[in-house]
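Now for the letters of each chain:
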Amino acid sequence: MAQAYKQVSQVVKETGLLRRATWFYIAVAAGIAVALGGLITGFILLGDSWFQLLIAAGLGIVLTQIAFLGHEAAHRQILTTGPANFKLARIVIASIGMSYSWWDSKHTKHHGNPNQVGKDPDIEVDTISFLEEDAAKAKGLIKLITRKQGWLFFPLLTLEGLNLHFLGLKYLLTTKKVKGRWIELSIIALRFALILVPVFMMLPLGMAFAFMGVQFAVFGVYMGAAFAPNHKGMPIVDPNARLDFFTKQVRTSRNISGGWWTTWLMGGLNYQVEHHLFPNMPRPHLAKAREIVRDYCAANNVPYTETSLGRSYLIVIEYLNRVGLSAGADPFDCPAVAQFGRA
């Protein structure tokens, strides 16, 4: 498999799929700027009206699209140098109210060890249990939630926006050494001022709180709905398993079919297999890389998973419900993980 990855990497490089896509990202940024301008104009024109909740929902969508750009900058997909990309990522991610330092520390670990127990922070328990052993340890209210967590997953995502903001601020305020701490805190503070001041000055109090609630809810659901299909329900890797890079990244990732509209909707995360194999590949090149990677997977008998967006959500719900059945069981009696690839 190591040889297979070397070969596919060579083809990808020769095809030019790792080159920057400057004009694409300029166009995306321009589109986001136009959308924000439209939302601001609509907010001013609507005034004291419950139709403002549509503006709030639109803002949640646009902020998620900005988050996709921050994710791509952090992976060095946009600008030509690493330092420039990291600076851009810090600014962009902080501008949506999240901490780049907090997110990057966990996301880097995820990319290195996707779905591996004890190494991937994205499968650690946080209200939702992704492992049977964690579900078996649930108590009290969390235990009740865990038992039905598949059905509750999307409703709980309405709180994920607040959770992401809280965890980021907690990291910035409590972690001893954080690079760019004050830059991030300053941008986050400015971001909230630019939203909260107009909202609470121009709208009645109840409507203002409803506006912020809708914005946070849409942001949380959209973020969760974009990231959840990529790995949830895919094989879980034993903590002691030693897998080659190609096998580990492909087997634990799921692509979402649908073409260009899915790519726009998910910010390129629909090509999760290719993104994990080539994290610094710009979004518009992922579709071509998919063809190359699929051929190599077929030639080397490596399972390549791709499904529709709707089907992926059903898989996630089914998987979480299956894990949730372990809630209340003896944690020493339930299997911890499905293992594969032991060396």
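Owing to the predicted nature of the structure, the values given are computational and were not obtained by experimental measurement. (Residues numbered from 1 in each chain as written. Predicted model: local features only at pLDDT ≥ 70, side-chain atom pairs only at ≥ 80, totals over all residues. Heavy atoms only, no water.)

(A) The packing of helix H4 (residues 82–95) against helix H5 (residues 100–112), seen in detail. At a minimum axis separation of 9 Å, H4 and H5 run at an interaxial angle of 115 degrees. Touching Phe86, Ala89, Arg90 and Ile93 of H4 are Tyr100, Ser101 and Trp103, all from H5. Within the contact of H4 with H5, the residues separate by chemical class into five nonpolar, one polar and one charged. (Axes fitted to C-alpha atoms, helices over the stretch in contact; angles between N-to-C directions. Helix = DSSP H or I, 4+ residues; strand = E, 2+ residues; numbered from the N terminus. Contact = heavy atoms within 4.5 Å. Nonpolar A, V, L, I, M, F, W, Y, C, P; charged D, E, K, R; others polar.)

(B) Quick peek at the pattern of salt bridges. A full pass over the atoms with the stated rule returns six salt bridges. The salt bridge partner of Arg283 is Glu72, with a shortest N-O separation of 2.6 Å. One end of the pair, Arg283, is in the loop between helix H14 (272–277) and helix H15 (286–299); the other, Glu72, is in helix H3 (residues 52–74), with 211 residues separating them in the sequence. Owing to a relative accessible area of 1%, Glu72 belongs among the buried residues under this scheme. One salt bridge connects Lys106 with Asp122, and the closest N-O pair in it is separated by 2.8 Å. Pair noted here: Lys106 is in helix H5 and Asp122 is in the loop between H5 and helix H6 (132–136), with a separation of 16 residues, a long-range link. Note on Lys106: relative accessible area 23%, which makes it partly exposed. (Salt bridge = Lys/Arg side-chain N within 4 Å of Asp/Glu carboxyl O. Buried < 20%, exposed > 50% of the residue type's maximum accessible area, 1.4 Å probe, protein only.)

(C) Focus on the UniProt feature "domain: Fatty acid desaturase" (unreviewed entry) in the chain. Under the present numbering, the feature "domain: Fatty acid desaturase" (unreviewed entry) in UniProt falls on residues 49–307. With 64% helix and 2% strand, the stretch residues 49–307 has end C-alpha atoms that lie 41 Å from each other. (UniProt positions renumbered as here; feature names shortened; annotations may be inferred.)

(D) Up close: H4. With 14 residues, H4 should reach 20 Å at 1.5 Å per residue; the first-to-last C-alpha distance of 20 Å fits that figure. Those residues of H4 that fall on the buried side of the exposure criterion are Gly82, Asn85, Ala89, Arg90, Val92, Ile93 and Ala94. Here the buried face of H4 lies against H3, H5 and helix H10 (181–202). The residue sitting at the N-terminus of H4 and contributing the capping side-chain oxygen is Thr81; that oxygen lies 3.4 Å from the backbone nitrogen of Ala84. Looking at the residues trailing H4, positive phi occurs at Gly97, about 95 degrees. (Expected span 1.5 Å × (residues − 1). Polar contact = N/O pair within 3.5 Å; in protein donor to acceptor, adjacent residues only side chain to side chain.)

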